[in-house]
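A structural walkthrough
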Amino acid sequence: MGGVKNYFLRCILCGAEYDPAPMYVCDDCGGLLEVVMDLPSSKFFSRIVDRPWYMWRYRELLPLGSGSRIVSLWEGGTRLFNLSVEDGLSLYIKLEGDNPTGSFKDRGMSLGVSKALEYGFSKVACASTGNTSASMAAYAARAGLEALVFLPRGKVARGKLFQAVAHGARIVEVDGSFDDAFKMVRRHVSESSDLYLLNSINPYRLEGQKTIAYEIYEALSNAPDYVIVPVGNAGNIYAIWKGFFELVEMGVIDDVPRMIGVQASGAAPMVHFFRNGTYRPVEAPETLATAIRIGNPVNRDKAMKAVKFSGGWFSSVSDRDILSAQLDIARRYGLLVEPASAAPYAYFRSNIDLFKGSVVLISTGHGLKDPDILKYWSEYGLI
Ligand SMILES: Cc1ncc(COP(=O)(O)O)c(C=O)c1O
Ligand SMILES: [Zn+2]
């Protein structure tokens, strides 16, 4: 256990506060927990200019004891690529496929696995649509921890399964969706005192992912007007918003960007929740963008808070639009992203009139993870 703690946990529903601990939901009401940091002054960013361009340049903004070991594979520091500047609109793409295992999950896992060591766990676990398991397996290997992953059988992109096996994770295939696999891992974790849950219900995961916002700020010297994010379990959109919100609290920027969440139309519970105010899980989610094939997003309350507070919204796109956007990005810009990661571009492309100023699309994972998508490009007549 290391050093002085400059953070605590707080329930997003009832406001109950907790000392830092390996807990996932509020003991009083079952609500999600968020990390509240004691933030440095606005001068922080001018003090770190000479630090290496990776996630741990923001060390003081990350909730890890000062003497604790950092488990890093040099995550973060990803490219913010300018796609176009025309008619008063600047379009950027943040390439999270640049991360060590090829997705944004590495930011959350670097911190999450460091927390597992800090708390003295010897095993880590997750349910996954693929990227979480690939990332957790790699960071667990780096830390010398055992990794246990629950995957929906036949619904994980081949490259991601390959990564989890390569890094030595124990794999349990579940007959059902991600949501079934998630129920199973939660049951396992509740029955074992030595298993640390590293899904995005773990508040520390999202603290790692909030650094996406810091990097965008540093690259643009300001917040963009819009950030468009693919949404599955709905953790990342909240994490990015939280990063920007902390910048507002530190007096670094005036306002958070509007956060726009994009789901696949066959797995879009947040869109219904946003439009109707009532939450209904999708029982049988279906999309070729397997990373976001989730019907019951665990972070729905956090995501709703982020989107509403920022003046943003949720929307959905069809699989055809996702695949055609993926090819468009590949052929127009030379960038290969995975299907889920093309959803923001698919949405932007068909709704361009809604935007002015600066727009950042979050490309969450690398295209090489899912080569089997090739046959669907062909089936849809796109190639
Ligand atoms: C490539 C990719 N994009 C988007 C997401 C969705 O992120 P979240 O579950 O935080 O909404 C995931 C989650 O697995 C993913 O792997
Ligand atoms: Zn509570």
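Treat the numbers as computed from the prediction; the structure is a model and nothing was measured.

Let us look at the overall build of the protein chain. Of regular secondary structure, the protein chain possesses 13 helices and 13 strands. A principal-axis box enclosing the C-alpha atoms of the protein chain has dimensions of 55 × 50 × 40 Å. For the protein chain, restricting intrachain contacts to residue pairs at least 6 apart in sequence, the fraction spanning at least 24 positions comes to 71%.

Turning our eyes to something else, we now look at the domain arrangement of the protein chain. Domain parsing of the protein chain yields domain 1 (80–104 + 204–379) and domain 2 (105–202). Using only C-alpha atoms to locate each centre, domain 1 and domain 2 end up separated by 23 Å. Counting residues at the interface gives 31 residues for domain 1, matched by 29 residues for domain 2. If you list the elements that add at least two residues to the side of domain 1 that touches domain 2, you get α6 (203–209) and α7 (211–220).

This brings us to helix α3 (residues 131–143). Each full turn of the α-helix corresponds to 3.6 residues, which orients residues three or four apart in the same direction. The first and last C-alpha atoms of α3 sit 18 Å apart over 13 residues, in line with the 18 Å expected at 1.5 Å per residue. Of all 13 residues in α3, 10 are buried, a share of seventy percent or more. If you check which residues of α3 are buried, you get N131, T132, S133, A134, S135, M136, A137, A138, Y139 and A140. Along its buried surface, α3 packs onto α2 (105–118), β6 (123–127), β7 (146–152) and α4 (158–166). Taken from the residues just after α3, G144 is the one with a positive phi, measuring 75°.

Quick look at the nonpolar core now. Counting 115 residues, the largest nonpolar core has V124, M136, V149, I228, I237, I240 and A343 as the members making the most contacts within it. Looking at this core element by element, the count peaks at 8 residues for helix α8 (residues 236–249). Excluding its chain neighbours within four sequence positions, the residues that come into contact with V124 are V113, A116, M136, A140, L145, A147, Y196 and L198.

Moving on, we come to the environment of L288. When you line up the elements, L288 lands in the loop between α9 (269–276) and α10 (300–310). Taking the C-alpha atoms as reference, L288 lies 8.7 Å from L323; in sequence the two are 35 residues apart.

In this section: the pairing of strand β8 (residues 170–174). Here β7 pairs with β8 via 5 bridges, running parallel. Directly across from L151, in β8, lies its bridge partner E173. Between the parallel elements β7 and β8, the chain passes through α4 in a crossover that is right-handed.

A separate point is the site of ligand 1. Around ligand 1, the surrounding shell holds 19 residues, and the nearest of these are G232, N233, N236, T364 and G365. Taken together, the elements giving at least two residues each to the shell around ligand 1 come down to α3 and α12 (339–350). Taken together, the residues of the shell around ligand 1 sort by class into 6 nonpolar, 12 polar and 1 charged. Of the domains in this structure, domain 1 (80–104 + 204–379) and domain 2 (105–202) are the two that each give at least three residues to the shell around ligand 1.

Strand order in the open sheet made by the 4 strands is β8-β7-β6-β9, with parallel pairing throughout. Lying at the two open borders of the sheet, with one neighbouring strand each, are β8 and β9 (195–197). Neighbour to neighbour, the strand axes of the sheet diverge by 25° on average, direction disregarded. Relative to β9, β6 is paired through 3 bridges, and the arrangement is parallel. Note on β9: the bridge partner recorded for V124 is Y196.

Let us now look at unusual backbone geometry. Notably, W74 is not glycine yet its phi reads approximately 70°, a positive angle. You can see W74 is positioned in the loop between α1 (44–47) and β4 (80–86). A positive phi is found at A234, a non-glycine position, where the angle reads about 70°. Within the secondary structure, A234 is located in the loop between β10 (226–230) and α8. Exposure remark for A234: the 28 C-beta atoms within 10 Å place this residue in the buried category.

Let's shift gears to the pairing of strand β13 (residues 357–363). When you tally the buried positions in β13, you get 6 out of 7 residues, the bulk of the element. Inspection of the sheet shows strand β5 (residues 89–95) paired to β13 by 7 bridges, in the parallel sense. In the sheet register, I93 faces β13, and the bridge partner there is L361. As paired strands, β10 and β13 are joined by 3 bridges and run parallel to one another.

To continue, consider the sheet that holds strand β2 (residues 17–18). A sheet is described by the order of its strands in space; here 3 strands give the open sequence β2-β1-β3, paired in antiparallel fashion. Two strands bound the open sheet, and with one partner strand each, they are β2 and β3 (33–37).

Scoring rules and cut-offs
Residues numbered from 1 in each chain as written. Chains lettered and ligands numbered in written order. Predicted model: local features only at pLDDT ≥ 70, side-chain atom pairs only at ≥ 80, totals over all residues. Helix = DSSP H or I, 4+ residues; strand = E, 2+ residues; numbered from the N terminus. Contact = placed C-beta atoms within 7 Å. Domains from an automatic or database assignment. Expected span 1.5 Å × (residues − 1). Buried ≥ 20, exposed ≤ 12 C-beta atoms within 10 Å, placed from the backbone. Core = buried A, V, L, I, M, F, W, Y, C linked by C-beta atoms within 7 Å. Pairing = 2+ DSSP bridges. Right-handed = clockwise from strand over helix to strand, strands pointing away. Near = placed C-beta within 6 Å. Nonpolar A, V, L, I, M, F, W, Y, C, P; charged D, E, K, R; others polar. Axes fitted to C-alpha atoms, helices over the stretch in contact; angles between N-to-C directions.

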